[in-house]
Amino acid sequence: SCRAQPVCEANKTFYYARPGAKDLLAFLLHAARTTEEGRRRVVFAFYTSMREENARPIADYLTGGRRVDIYERKFNKPDPSGSESWDTMRDLPMVWGAVKPSSARGFTAENTVVIDDTLRKMRELPHNVMVVPPFEEPAVRKDDDEALDYVKAYLDMLLDEEDDTVPATLKARPFRAGFL
């Protein structure tokens, strides 16, 4: 009864893309090439608790095959308060200090935004995360979700905020899917 079809299959896994995901990635790819005066620099990568070989198929689909860095499971650390042994937290200091991949070079807590569906994973840097509602089975079945449209609009606003740091902006005007 699911209207949505997987967008790709690899490694015996079906991958579903959230509505608006390709548009969001096209926006980010364009923003990464834009040198507009007064706009913040955009470099983006995928940050996941999966291994890269499991994340690469959906990343390639979403970017139209353009190679984008993936900060995989090894860039996460165990979550001591997680209910499962595999629960992780984001380890941004490790990402910022990584030699490879290199897309995070030059970034810090002052200029990094993570888009995640779980605040718990980013609780050490809560003002560097935009928390988006999870894309779970009911939304997949309906193939109806506007969360990433709100993410795109918010990021567009954030790119024009050159006076404040990312944490200051996110703290002053928190992201809320459904409200701009």
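Presented here is a report on the structure given in the accompanying data block. Just so we're clear, the structure is a prediction, and the values are computed from it rather than from any experiment.

## Things to note about the nonpolar core
Within the largest apolar cluster, 32 residues are counted, with the highest numbers of intra-cluster contacts made by Leu24, Leu28, Phe46, Leu62, Met130, Val151 and Leu155. Leaving out residues up to four positions away in the same chain, Leu62 has contacts with Ala17, Ala21, Lys22, Leu25 and Phe46. Tyr71, Trp96, Ala104 and Phe107 belong to the second largest nonpolar core, which has 12 residues in total.

## A closer look at the packing of aromatic side chains
The tally for this structure, following the rule as stated, stands at four aromatic pairs. Their ring planes at 70° and their centres at 6.4 Å tell us that Tyr47 and Tyr71 sit as a pair that is edge-to-face. Highlighted residues: Tyr47 in strand β3 (residues 46-47) and Tyr71 in strand β4 (residues 70-71), separated in sequence by 24 residues. Note on Tyr47: relative accessible area 18%, which makes it buried.

Conventions adopted
- Residues numbered from 1 in each chain as written.
- Predicted model: local features only at pLDDT ≥ 70, side-chain atom pairs only at ≥ 80, totals over all residues.
- Heavy atoms only, no water.
- Core = buried A, V, L, I, M, F, W, Y, C linked by side-chain atoms within 4.5 Å.
- Buried < 20%, exposed > 50% of the residue type's maximum accessible area, 1.4 Å probe, protein only.
- Contact = heavy atoms within 4.5 Å.
- Phe/Tyr/Trp six-rings, centres within 6.5 Å; stacked < 30°, edge-to-face > 60°.
- Helix = DSSP H or I, 4+ residues; strand = E, 2+ residues; numbered from the N terminus.

Honestly, that's just the spatial picture; any functional story needs more than this.
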